[in-house]
Amino acid sequence: MIDALERFAPLPLQEDWDNAGLQIGLTAAEASGALLCLDVNEAIVDEAIDKGCDIIVSHHPLIFRGLKQLTGADYVQRAVMKAVKNDIVIVGMHTNMDNAVGGVNFKIAEKLGLNDVELFARKQVGDIEGGSGVTGLLPTPMEARDFVAAVKETFGVECAQCNELLRRPISKVAICGGAGDFLLPQAVALGADAFITGEMHYHVYFGHEQEIQICVIGHYQSEQFTQELFSDILAKDCPGLRTEIAETMTNPIRYY
């Protein structure tokens, strides 16, 4: 099962700072079921136990900066301890899945109905090609206000953080799920009319008025369909494996 995920999104595609791959457990035993999620916390481990899943596949790694102790002092340690006690394997498929052909950004583009989707900010690792973002074309150009409304509806967001509305139709869209403001200059250089990402630093918004429509929808919201991507991969390559998309909401951010 893990081999199938890593064939789709090879680990060499992950960024240098990342910690994708097998996090907890052994992979020799046959899996009884896999719980697919965006983040791992205690509630996710509990859901895996309740559903009889002995593997958790998450987008964001549970263990990111390493552990120096296991005392239950924080949610990461508690989730690790609970997973180990219950013989649950945890796998994280993070920036390798972001950067993969057909990966997270392609799933976002699919949800938006974009055509002619292709990588930008390309990277080559040996004979493996990937890229940090994608561009695509709307089937029909849209006014900025209608475009933002459509994005909000598609991703179920209560609000989007944007710069001033573009006064020309939007056709070419650049996408980077998660924290993607590092790609904004390249999106501009490619002639994109709009840039969608999950989060952006305040000062990055400045200076792009009427140059590109920025639309920031939230980190969790932008990547929420990654579980569907995992499901698609495993259904194709591991058809006998039972998969469950997690029902636990792990987004820690609330809007009031």
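Placed above this text is the structure.
Conventions adopted
- Residues numbered from 1 in each chain as written.
- Predicted model: local features only at pLDDT ≥ 70, side-chain atom pairs only at ≥ 80, totals over all residues.
- Heavy atoms only, no water.
- Core = buried A, V, L, I, M, F, W, Y, C linked by side-chain atoms within 4.5 Å.
- Buried < 20%, exposed > 50% of the residue type's maximum accessible area, 1.4 Å probe, protein only.
- Contact = heavy atoms within 4.5 Å.
- Helix = DSSP H or I, 4+ residues; strand = E, 2+ residues; numbered from the N terminus.
- Polar contact = N/O pair within 3.5 Å; in protein donor to acceptor, adjacent residues only side chain to side chain.
- Pairing = 2+ DSSP bridges.
- Axes fitted to C-alpha atoms, helices over the stretch in contact; angles between N-to-C directions.

Moving on: the nonpolar core. By size, the foremost hydrophobic cluster in this structure holds 44 residues, and its most contacted members are Phe147, Ile175 and Ile196. Among residues more than four places away in sequence, those in contact with isoleucine 175 are Asn105, Ile108, Ala109, Leu112, Leu114, Phe120, Gly133, Val134 and Ile196.

This part covers the environment of glutamine 210. Here glutamine 210 is to be found in the loop between strand S9 (194-199) and strand S10 (213-216). Among the residues examined, glutamine 210 registers a relative accessible area of 24% and is labelled partly exposed. Between the C-alpha atoms of glutamine 210 and arginine 168, which are 42 residues apart in sequence, the distance is 8.2 Å. The contact partners of glutamine 210, leaving out residues within four places of it in the chain, are Glu164, Leu165, Leu166, Arg167 and Arg168. Within polar-contact distance, the side chain of glutamine 210 engages the backbone oxygen of leucine 165 at 2.9 Å.

Before going further, it helps to spend a moment on helix H5 (residues 104-112). Across the nine residues of H5, seven count as buried, placing the element largely inside the fold. Listing the buried residues of H5 in full gives Val104, Asn105, Phe106, Lys107, Ile108, Ala109 and Leu112. Downstream of H5 by a residue or two, glycine 113 has a phi angle that is positive, lying close to 75°.

On to the sheet that holds strand S11 (residues 243-245). Ordered by their spatial adjacency, five strands build an open sheet running S1-S4-S3-S2-S11, and the pairing between neighbours is mixed. Strand pairing shows two members of the sheet lacking a second neighbour, strand S1 (21-24) and S11, which therefore form its edges. Looking at each pair of strands side by side, their axes are set apart by 25° on average, direction ignored. Here S1 runs beside strand S4 (residues 89-92); their pairing, made up of three bridges, is antiparallel. Looking at the pairing, leucine 22 lines up with valine 91 of S4.

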